[in-house]
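Each chain is listed here by its residues.
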Amino acid sequence: MIKNLNKIIQDGVDRGLLQKFTSGTYLDSANVSIDNTDYVNFGSCSYLGLEYHPLIKQGVKDAVDAYGTQFSTSRTYLSIGLYKELETELSNMFGKPVIASASTTLGHLAALPVLVEEGDVVILDLQVHSSVQMAAKILKANKIQVHLIPHNDMNSLESKIKLLSEKANRIWYMADGVYSMYGDYAPLHRIDQLLNTYKKFHLYIDDAHGMGWTGEHGIGYVRSQMEHHDKMVLATSLNKSFAASGGLLVFPNQKMYQKVKNCGTTLIFSGPIQPPMLGAGIASAKLHQTAGFKEFQNSLQEKINFTNRRLNELDLPQYKITDSPLFFIPVGLPRTIITIIKRMKRKGFYLNSAGFPATPMKKGGIRFMINDNLTIEQIDAMLTNLQKEYVLGLLSDSSSPEAVAKQFKLSPFLTKHQFLSEKHEMKMHLVDQHYNSIAEIDPEEWNALFYKFGSNEYDNLKGLEAVFRDNEAVENNWQINYHIVRDKNGNIILASVYSLSIMMDDLLASKEVSAKIKEIRKVNKFYLTSKTVMSGTPFTKGRSIFVDYAHDDWKEAVKIHVDFLQELAENKEASKIILREFCVSQKDRLEPLLLELGLLELELPNNCVVNNMTWDDTEDLLKRLPQKYRYSLRKEILKKEDLFKVSYERPTTEIDQRHVFELYRKVYKQSTEISVFELPFSLFQKMFNDPSYDFIHVYLKNGPEHAVAVMISQVIGTVYYAQLVGLDYDYVRKNGTYKQILYQTAKRAKQLGCEKVDMAYTAEMEKKKVGAIPEKTYGFVMALEHSSYAEMELLK
């Protein structure tokens, strides 16, 4: 995640949109100067624009004059008197005990490890703010169970409460009052009902974006919708609308307040709010309690209402229509968001992006805020320009209002807009062809591209199509299809086999996470599984996408292919798209383009390959190995070779075939390195009858009659692909049967005259002992939803 996040942010930096600095010597909420260019500022969360209010500015000056710039002492020992004054004013506003913290994040880190005790359980909303999720990781490290529900899904929440109530002491739900990306609200009336229905249910809610602009005395959106429940802790911000600095924790009772004040680590070990901003906070709190404060709220609300009306008149979409000052205009991919923001900057307007990882990759958008220092005229000018630049930005990136409506499940919008006539058409000299079966494609043309580069060759795919259709088990029904992009002369620029199937979301998760998920799947087979669009199939490996990089239009062909896969994934409600397998040079060439298209690099397990098969005999092989592997081959494998008998017979009887299958199943049940569904016996029947498949059986001379190890491989051209191994684990540790079968695989490939042995993934150390070299392989992934990834994070 960090590696890909770094690339995404750096891409935004390189495009001149992120990590910028203001220029000039003066600021106001309505305008900002960046790189010496002035913009109307729609990126400020200071919703009421109070940072320029004379009373608040004077509060800062008076505090500096009286107390200097800092008071550097832990609050456990001593707090400056301004703290007491600020917390008294805030307590008057909320009518409850409060603690002011140096930031909202530090407030979460102080409160949650104290409030959530042993035996409690936590439920997170999928979209709850990152700072709350950060604190939840500390709770998880403290052995607190942490669960996740889809965003604002109250049915899921209630189901979780019922499920957990029997064993949990308390159940804490953590949510935002106003969500920072989409600007939508928590369903507070429903939450209030749940608080009153379930005794163990408690609420911890972050209302940072709801503070100030609404509620009596500006106490925020949450408190404007419900009383302060005696099982609710409210966190909010003294930044944003409040125009000061710090965070605020509001408690339902004195006991809870005192406990957090005494034990909150960031209150003990982190620095306090400093005198200048304490002065600002006191002045702001007093201003909030004046009779005239409502006028600030009313003024902003008029502008919010105007914005909603104009968005409706201009037929611009919103993810959720609310009366908050935070707006989200759905777009899609990061590259399209960047395109629109750049177009708006050229028109003199500064707006924000909202995208991955805060949103799913294809569900990002334009995020802008209304603050009270903006004029109606400025808002109208921005929205009028946005209508045109939004449409043209979508079209320039091969998107459209229709595509956005479909992606976000919105009603049609901008269907008759004048700028739709400017739609950019795809290069018409490129032709993309779609096939439902490999039988519709010329075998020679297909194998010329794929035969020497993996198992996606013509006959193998034809057999897999027959095996993975019309099965009772849904996980064994794979939709295997084909896509070819040609130029006007019929030359292939791109060709791909791709599949749609149900796959495990922890495909490449850590062993620890997969082991936990595996336990859950014993009672819920399809836990953390979803439809996946993938190049190749879940069984084949090697090249699954051919790209003619020498062709002038290869990038356009890749875009056509990715756009098609995205449309397929959306229509079939798939959760992700995976493109694989690429070597380092291919990855480096594709990565900039695919990142722009919304696909992130995915480092796959190393592929272990014996490339040098020119050795004459075992002694010659030993000479070619590094010293430590030479020693291992002699001691661990060759020394025991006489214990075994090796057979290459193809299993023909039902008993022999079932035994091979059961040996495979034993390995499958032990594996947590790559998470996939168990392969069906029908696939093995296909392999038993396919002459391209080779079988190695290893027997113990003084052991059971049946084979204790088996390797199933496929010979394609001069490459020996070791695909599936089966082991009787009663003999693995004592007799070294796995190491032995690997060595016998290399010997068998040599015997058949193969020039290369592909030993696939995992067990690198053991494969190196027989001459294999790990080769880095990569894929690219687009997550169309991120709930499964978030849930797996909680399992770490």
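Residues numbered from 1 in each chain as written. Predicted model: local features only at pLDDT ≥ 70, side-chain atom pairs only at ≥ 80, totals over all residues. Heavy atoms only, no water.

Here's the deal with the overall build of the protein chain
Cut-off, in case you're wondering: Each helix is a run of DSSP H or I of at least 4 residues and each strand a run of E of at least 2, with the numbering of both proceeding from the N terminus. Exposure is judged per residue with a 1.4 Å probe applied to protein chains only, and the accessible area is read against the type maximum: over 50% gives exposed, under 20% gives buried, and values in between give partly exposed. Contacts are assigned to residue pairs with any non-hydrogen atoms lying within 4.5 Å of each other. Per-residue and other accessible areas were derived by the Shrake-Rupley procedure at a 1.4 Å probe size, with only the shown protein chains allowed to occlude residues.
Of the regular secondary structure elements, the protein chain holds 28 helices and 26 strands. Taken across its 796 residues, the protein chain has 56% of its residues classed as buried. The long-range share in the protein chain, meaning contacts at least 24 apart out of those at least 6 apart in sequence, stands at 75%. Here the protein chain displays about 34600 Å² of accessible surface, and carbon together with sulfur accounts for 50% of that area.

Focus: the pairing of strand S8 (residues 232-237)
Note the threshold: Two strands are said to pair when DSSP picks up at least two bridges between them.
Burial analysis of S8 places six of its six residues in the buried class, which makes it a mostly covered element. Side chains Met232, Leu234 and Thr236 project from S8 onto one buried face, and the interleaved Val233, Ala235 and Ser237 project onto a second face that is buried too. The pairing of strand S7 (residues 201-206) with S8 spans four bridges and is classified as parallel. Following the sheet pairing, Ile205 is matched in S8 by Leu234. Both S8 and strand S9 (residues 247-250) contribute to a ladder of four bridges, which runs antiparallel.

With respect to the pattern of salt bridges
Test applied: Counted as salt bridges are all cases of a side-chain nitrogen of Lys or Arg within 4 Å of a carboxyl oxygen of Asp or Glu.
Overall, the coordinates contain 40 salt bridges when judged by the stated rule. For Lys7, the salt bridge identified is with Glu591, shortest N-O distance 2.3 Å. Pair noted here: Lys7 is in helix H1 (residues 2-14) and Glu591 is in helix H20 (residues 584-596), with a separation of 584 residues, a long-range link. Here Lys303 and Asp372 are joined by a salt bridge, their closest N and O atoms 3.1 Å apart. In this pair, Lys303 is assigned in helix H12 (residues 293-313) and Asp372 in the loop between strand S13 (364-369) and helix H14 (376-396), connecting sequence segments 69 residues apart. Sharing partners across several salt bridges, the network here consists of Lys3, Lys7, Lys587, Asp588, Glu591, Glu601, Glu603 and Lys776.

Some details on the nonpolar core
Grouped burial of nonpolar side chains is what soluble globular proteins tend to show. Stated precisely, the cut-off is as follows: Definition of nonpolar core: a set of buried residues of the types Ala, Val, Leu, Ile, Met, Phe, Trp, Tyr and Cys, connected through side-chain atoms within 4.5 Å.
Core analysis: the largest hydrophobic core is formed by 103 residues, its most contacted members being Phe42, Tyr173, Phe201, Phe368 and Tyr390. A total of eight residues in this core trace back to one element, the largest contributor, which is H14. With residues up to four places along the chain from it excluded, the contact list for Tyr173 reads Ile123, Leu124, Asp125, Ile149, Met154, Leu157, Tyr179, Ile191, Phe201, His202, Leu203 and Tyr204. Ranked by size, the runner-up nonpolar core spans 38 residues in total, among them Tyr435, Val660, Phe677 and Leu683.

Let's talk about unusual backbone geometry
Looking along the chain, the bond that leaves Phe356 and enters Pro357 is cis, with omega of 10°. Along the polypeptide, Pro357 turns up in the loop between strand S12 (352-354) and S13. Of note in the backbone geometry, Gln19 takes a positive phi value of approximately 55° without being a glycine. Here Gln19 lies in the loop between H1 and strand S1 (31-34). The exposed category is assigned to Gln19, whose relative accessible area is 58%. If you check the backbone angles, Asp35 has positive phi at about 50° while not being a glycine. Take Asp35: it is sitting in the loop between S1 and strand S2 (37-41).

A look at the side chain of Thr532
For clarity, the cut-off: Counted as a polar contact is a pair of N or O atoms within 3.5 Å, where, for protein atoms, one must be capable of donating a hydrogen and the other of accepting one, and residues adjacent in sequence contribute only when both atoms are in side chains.
Checked against the element boundaries, Thr532 lands in strand S17 (residues 529-535). For Thr532, a relative accessible area of 0% translates into the label buried. Reaching out from Thr532, the side chain makes a polar contact with the backbone oxygen of Ser530 at a distance of 3.4 Å. Polar side-chain contacts of Thr532 include one of 3.2 Å to the side chain of Lys576.

Brief notes about the sheet that holds S7
Applicable threshold: Note on method: axes are straight lines fitted to C-alpha atoms, helices fitted across the in-contact stretch only, with angles between N-to-C directions ranging 0 to 180 degrees.
If you walk across this open sheet you meet the seven strands as S3-S9-S8-S7-S6-S4-S5, and the pairing is mixed. The open sheet has two edge strands, strand S3 (98-101) and strand S5 (145-149), and neither has a second partner. Each neighbouring strand pair of the sheet contributes to a mean axis angle of 20°, computed without reference to strand direction. Note: S3 against S9, four bridges, orientation antiparallel.

Here we look at the packing of aromatic side chains
Note the threshold: Planes of paired rings set the category: under 30 degrees apart is stacked, over 60 is edge-to-face and the rest tilted, where pairs are Phe, Tyr or Trp rings (Trp by its six-membered ring) whose centres lie within 6.5 Å. Placement of a charge over a ring requires the Lys NZ or Arg CZ to be within 6 Å of the ring centre, with the centre-to-atom vector within 35 degrees of the ring normal.
Counted according to the given criterion, the structure contains 27 aromatic pairs. Put simply, the rings of Phe661, Tyr664, Tyr668, Phe681, Phe684, Phe688 and Phe695 pair up and form one aromatic cluster. The ring centre of Trp615 lies 5.5 Å from the NZ or CZ of Lys750, which sits over that ring.

Section: the packing of helix H17 (residues 458-467) against helix H24 (residues 681-688)
For the record, the criterion: Handedness of each helix crossing follows the sense of rotation of the near helix against the far helix: counterclockwise by less than a right angle gives left-handed, clockwise gives right-handed. Polar here means any residue other than Ala, Val, Leu, Ile, Met, Phe, Trp, Tyr, Cys and Pro, which are nonpolar, and Asp, Glu, Lys and Arg, which are charged; Gly is therefore polar.
Their axes nearest at 10 Å, the elements H17 and H24 cross at an angle of 145°. The two elements H17 and H24 cross, and the hand of that crossing is right-handed. Facing Asn460, Gly463, Leu464 and Val467 of H17, the residues of H24 in contact are Ser682, Leu683 and Lys686. The residue makeup of the contact of H17 with H24, split by class, is three nonpolar, three polar and one charged.

A word on the side chain of Lys345
Put simply, the test is: Only four residue types enter the tally: Lys and Arg on the positive side, Asp and Glu on the negative side, with His and both chain ends excluded.
Summarising the element assignment, Lys345 is placed in helix H13 (residues 334-346). The charged side chain of Lys345 is buried without a salt bridge, its nearest counter-charge being Asp35 at 5.5 Å. If sequence neighbours within four positions are ignored, Lys345 has contacts with Gly16, Leu17 and Tyr39.

Considering the environment of Gly24
Take Gly24: it is sitting in the loop between H1 and S1. C-alpha of Gly24 to C-alpha of Asn36: the two residues are 12 residues apart in sequence and 6.8 Å apart in space.

With respect to the packing of helix H2 (residues 54-67) against helix H11 (residues 275-288)
Put simply, the test is: Here the angle decides the label: under 35 degrees means roughly parallel, over 145 means roughly antiparallel, 65 to 115 means roughly perpendicular, and every other value means oblique.
The geometry of H2 relative to H11 is characterised by a closest axis approach of 7 Å and an angle of 140° between their N-to-C directions. One finds that H2 runs oblique with respect to H11. Two packed elements cross with a definite hand, and for H2 against H11 that hand is right-handed. From H2, Leu55, Ile56, Gly59, Val60, Ala63, Val64 and Tyr67 reach across to H11, where they touch Pro275, Pro276, Gly279, Ala280, Ala283, Ser284 and Leu287. When grouped by side-chain class, the residues that make up the contact of H2 with H11 number 11 nonpolar, three polar and no charged.

Regarding helix H16 (residues 443-450)
Basically, it comes down to this: The arc in question is formed by the directions pointing from the helix axis toward the C-beta atoms.
All of the buried residues along H16 are Trp446, Leu449 and Phe450. Down the axis of H16, the sector holding all buried residues measures 85°, keeping them to one side. Residues of H16 that are exposed and point more than 90 degrees away from the buried face comprise Glu444 and Ala448. For H16, the secondary structure elements touched by its buried residues are H17, strand S15 (479-486), strand S16 (492-504) and strand S18 (545-547). A distance of 3.1 Å separates the backbone nitrogen of Glu444 from a side-chain oxygen at the start of H16, and that oxygen is part of Asp442.

Focus: H1
Short version of the rule: Given a helix with a known number of residues, its expected span is that number minus one, times 1.5 Å.
The end-to-end C-alpha distance of H1 is 18 Å, a good match for the 18 Å that 13 residues give at a rise of 1.5 Å each. Considered for burial, the residues of H1 that qualify are Asn4, Ile8 and Gly12. Angularly, the buried residues of H1 cover 80° about the axis, an arc narrow enough to put them on a single face. In this structure, H1 carries Ile2 and Asp14 as exposed residues pointing more than 90 degrees from its buried face. Along its buried surface, H1 packs onto H20 and strand S20 (600-610). Positive phi shows up at Gly16, right after H1, with a value of about 80°.

A short note on the sheet that holds S1
Across the sheet, which stays open at both edges, the three strands sit in the order S1-S2-S11 with mixed pairing between neighbours. Across the chains shown, the open sheet's two edge strands, defined by having one partner strand only, are S1 and strand S11 (349-350). By the bridge criterion, four bridges tie S1 to S2 in an arrangement that is antiparallel. Each residue of the ladder has a partner; that of Ile34, found in S2, is Thr37.

A word on a positive patch on the surface
Quick reminder of the rule: Two distance rules govern patches: like charges are joined within 9 Å, and nonpolar side chains (Val, Leu, Ile, Met, Phe, Trp, Tyr) within 5 Å, applied only to residues with over 30% relative accessible area and no salt bridge. A charge is said to be at NZ when it belongs to Lys, at CZ for Arg, at CG for Asp and at CD for Glu.
Residues Lys342, Arg346, Lys347 and Lys388 make up a contiguous surface patch of positive charge. Looking at the element boundaries, Lys347 is found in the loop between H13 and S11.

These figures capture arrangement, not role.
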